[in-house]
Amino acid sequence: MADQVSQVAEASSPFADALRPDTPAPASRWSAFPQYNFVGGHNAPEAIPTADFQDALQKVLAREGRTLATYSLESGPQGYLPLRAFLSDKLERNCGIAATPDDILMVSGSLQGMDLINAALLSRGDTVIIEAANYGGVLSRLSRLGVKAVGVPLDGEGMRTDALREALSTLKSRGVTPKYIYTIPTVQNPTATILPERRRAEMRALAAEFNTTIFEDDCYADLVFDGDRPPAIYAGDTDGRVVYLGSFSKSLAPALRVGYVVAPWPLLSRLLALKTDAGSGALEQMMLAEYCADRFDTHVANLNAALKAKSEVLTAALGEQFGTAAEFETPRGGIFLWVTLPETVDTTALAARAGELGIAVNPGAEWSIEPDARRKIRICYANPDADTIKAGVAKLADVCFEMFGVPERSGNTAR
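Overview of the structure. No experiment lies behind these values; they were computed from the predicted model shown. (Residues numbered from 1 in each chain as written. Predicted model: local features only at pLDDT ≥ 70, side-chain atom pairs only at ≥ 80, totals over all residues. Heavy atoms only, no water.)

1. Thoughts on the overall build of the protein chain
Here is step 1: Within the protein chain one finds 11 helices and 14 strands.
Here is step 2: Summarising its shape, the C-alpha atoms of the protein chain cover approximately 70 × 60 × 55 Å along the three principal directions.
Here is step 3: A burial count over the protein chain gives 51% of its 415 residues as buried.
Here is step 4: Expressed as a percentage of contacts within the protein chain between residues at least 6 apart in sequence, the contacts between residues at least 24 apart total 74%.
Here is step 5: Accessible surface computed for the protein chain: about 19300 Å², of which carbon and sulfur atoms make up 52%. (Helix = DSSP H or I, 4+ residues; strand = E, 2+ residues; numbered from the N terminus. Buried < 20%, exposed > 50% of the residue type's maximum accessible area, 1.4 Å probe, protein only. Contact = heavy atoms within 4.5 Å. Areas by Shrake-Rupley, 256 points an atom, 1.4 Å probe, with all protein chains shown as cover.)

2. Here's the deal with the pattern of salt bridges
Here is step 1: As enumerated under the stated definition, the model contains 25 salt bridges in all.
Here is step 2: Asp155 is paired through a salt bridge with Arg199; the nearest N and O atoms lie 2.8 Å apart. With Asp155 in strand E5 (residues 154-155) and Arg199 in helix H7 (residues 197-209), the pair connects residues that are 44 residues apart, well separated along the chain.
Here is step 3: Residue classification places Arg199 among the buried residues on the basis of a relative accessible area of 9%.
Here is step 4: Connected through salt bridges with shared partners, the residues Asp52, Asp55, Lys59, Asp294 and Arg295 form a single ionic network. (Salt bridge = Lys/Arg side-chain N within 4 Å of Asp/Glu carboxyl O.)

3. Quick look at helix H11 (residues 386-404)
Every α-helical turn comprises 3.6 residues, leaving residues that sit three or four positions apart pointing alike.
Here is step 1: Taking 1.5 Å of rise per residue, 19 residues should cover 27 Å, and H11 covers 27 Å from first to last C-alpha, within 8% of that figure.
Here is step 2: Within the sequence span of H11, burial applies to Ile389, Gly392, Val393, Ala394, Leu396, Ala397, Val399 and Cys400.
Here is step 3: Looking at the buried residues of H11, the elements they touch are strand E1 (36-37), helix H9 (282-322), helix H10 (347-356) and strand E12 (359-360).
Here is step 4: Looking one or two residues past H11, Gly405 carries a phi angle of roughly 70°, positive in sign. (Expected span 1.5 Å × (residues − 1).)

4. A closer look at the pairing of strand E2 (residues 104-107)
Here is step 1: Residues Ile104 and Met106 of E2 are buried on one face, and the alternating residues Leu105 and Val107, pointing to the opposite face, are buried as well.
Here is step 2: In this structure, E2 lies alongside strand E10 (residues 259-262), joined through four bridges in antiparallel fashion. For Ile104, the partnering residue across the bridge sits in E10 and is Val262. (Pairing = 2+ DSSP bridges.)

5. Examining the layout of surface pockets
Here is step 1: Estimates place the volume of the largest pocket at around 390 Å³.
Here is step 2: Lining the largest pocket are 19 residues, and of these Asp155, Gly156, Thr191, Thr193 and Glu329 lie nearest its centre.
Here is step 3: Elements with a contribution of two residues or more to the lining of the largest pocket: E5 and strand E11 (336-340).
Here is step 4: With four residues, the single largest contributor to the lining of the largest pocket is E11.
Here is step 5: The residue inventory of the lining of the largest pocket, partitioned by class, reads eight nonpolar, five polar and six charged.
Here is step 6: Reported here for the second largest pocket is a volume of approximately 270 Å³. (1 Å grid on protein atoms, 1.4 Å probe; cavity = no way out; pocket = protein on both sides within 12 Å on 5 of 7 lines; lining within 4 Å. Points joined across faces, edges and corners; volume = space filled by probe spheres on them. Nonpolar A, V, L, I, M, F, W, Y, C, P; charged D, E, K, R; others polar.)

6. Points about helix H2 (residues 50-64)
Here is step 1: Relative to the 21 Å expected for 15 residues at 1.5 Å per residue, H2 spans 21 Å between its end C-alpha atoms, a close match to the ideal helical length.
Here is step 2: If you check which residues of H2 are buried, you get Phe53, Ala56, Val60 and Glu64. Mapping the buried residues of H2 onto a view down its axis gives an arc of 70°, with all of them on the same face. With respect to the buried face of H2, the exposed residues turned more than 90 degrees away are Thr50, Ala51, Gln54, Gln58 and Ala62. (Arc of directions from axis to C-beta.)

7. Here's the deal with a nonpolar patch on the surface
Here is step 1: The grouping of Leu61, Leu68 and Leu283 at the surface amounts to a nonpolar patch, some 220 Å² of accessible area in total.
Here is step 2: If you trace the backbone, Leu68 turns up in the loop between H2 and helix H3 (81-95).
Here is step 3: Classification of Leu68 as partly exposed rests on a relative accessible area of 40%. (Patch = residues over 30% accessible without salt bridge, like charges linked within 9 Å, V, L, I, M, F, W, Y side chains within 5 Å.)

8. Some words on the nonpolar core
Here is step 1: Grouped together as the largest cluster of nonpolar side chains are 73 residues, with contacts concentrated most on Val261 and Phe322.
Here is step 2: Broken down by element, this core gets its largest block of residues, seven residues, from H9.
Here is step 3: If we ignore the near neighbours within four places in the chain, the residues touching Phe322 are Leu341, Val393, Leu396, Ala397, Cys400 and Pro407.
Here is step 4: One finds Leu83, Cys95, Leu252 and Phe296 within the second-largest nonpolar core, a separate group that totals 51 residues. (Core = buried A, V, L, I, M, F, W, Y, C linked by side-chain atoms within 4.5 Å.)

9. Regarding the sheet that holds E11
Strands in a sheet are paired, the pairing made by backbone hydrogen bonds, and the direction either parallel or antiparallel.
Here is step 1: Read from one edge of the open sheet, three strands run E11-E14-E13, paired in antiparallel fashion. Each edge of the open sheet carries a strand with a single partner, namely E11 and strand E13 (362-363).
Here is step 2: Note: E13 against strand E14 (residues 376-380), two bridges, orientation antiparallel. Across the sheet, residue Asn362 finds its bridge partner in E14, namely Arg378.

10. Things to note about empty space enclosed by the protein
Here is step 1: The tally for this structure, following the rule as stated, stands at two cavities of 30 Å³ or more.
Here is step 2: Of the volumes computed, that of the largest cavity is approximately 70 Å³.
Here is step 3: Residue lining of the largest cavity: Lys90, Leu91, Asn94, Cys95, Asp218, Cys219, Ala221, Asp222, Arg229, Tyr244, Ser247 and Tyr260, and that is the complete set.
Here is step 4: Those elements giving two or more residues to the lining of the largest cavity turn out to be H3 and strand E9 (242-247).
Here is step 5: The biggest single contributor to the lining of the largest cavity is H3, with four residues.
Here is step 6: Taken as a whole, the second largest cavity encloses approximately 40 Å³ of empty space.
Here is step 7: Looking at the second largest cavity, the residues that line it are Leu318, Phe322, Val339, Leu341, Leu350, Ile377, Ile379 and Leu396.
Here is step 8: For the lining of the second largest cavity, the secondary-structure elements that each account for two or more residues are H9 and E14.

11. A look at the pairing of strand E8 (residues 213-217)
Here is step 1: Across the five residues that make up E8, a large majority, four, are buried.
Here is step 2: Sheet analysis places strand E7 (residues 180-183) next to E8, joined by four bridges and oriented parallel. Residue pairing in the sheet places Tyr182 in a bridge with Phe215 of E8.
Here is step 3: Regarding topology, H7 serves as the crossover connection from E7 to the parallel E8, and that connection is right-handed.
Here is step 4: Pairing between E8 and E9: four bridges, direction parallel. Looking across to E9, one finds that Asp217 is bridged to Leu245. (Right-handed = clockwise from strand over helix to strand, strands pointing away.)

Following this line, the structure appears as structure tokens:
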């Protein structure tokens, strides 16, 4: 009803005729999170280090609060220098990237970084290569930009480089050079796969052979449960054809909206020219630099332990409620599980009905361009507690059974 009222109001608004014809459909008004919230890149609320954040902010404000009088905190337009210095050390230590603070641009969440990279590189009618199962925000952005996305299938180790070669060769035969290969190599969204080092090297070699670039989105890379991740694709780049995107949203808190781009200066300088917001949030950057200096690694280890425990609750609940009807790979990291249901299940319809009952899940058609996406579903497990995960999966199974007869149940099953 509220949406109908909004549509009527929009139709009668003086702005109705002034709107650009390519403006996205209107957003719905937000009321509250659903009772069983298995969508979005939310994190575990119990893992947010609020007391440490408060302590860090008080210390840095007492020491440097006067720099808030300038847009750039006296650090220049690329962002707060102590935070960029922390990232320079972290990236070299964790994933082999040798980047100075001057190679890093702070942005308002990784999505702003993505938009800046796309604004610099893409024009309507361009072609890019992506993993066939992919972050819904990537698919919607490319569609709005009028860019053709060529999907490459994944297996248990991420993007298949043999299929990537085939896609590049096919495009070359048609006279098309893709603007970039977009990949989430470490804890891929939505599959949670981790691309092994040999495939990362093969991807770099293919990009050089076919004269294209690589857009490495590593925003989930801190969430490898055992902390053992391959070096970044960017780390082995010798000719400046990789751009790297990272974030604090998954490792610390999404609402902070702090991300970063690492790129060779010929590209970074163009992104900086496009970033016309006068700088990303200052307090967040100051607090993070103060906090991360000596507490980040311990926090991430504790967070990964909590996320691993929640992933085990989810996989156990799916096994109990769906049995063999729910197929998935046990995740090595991240905050989501990519589940395949029987062919008779349409997850778009399932998600719509479940949403009416307070159970929010992501249907596969919104997160993949694979032919069988309609039977897949993404379940995010970081935000709800263990009891909510169990209850939500049980209710989702009830809805799925009522709509599709899946999972099969005997007449005397007690639940």
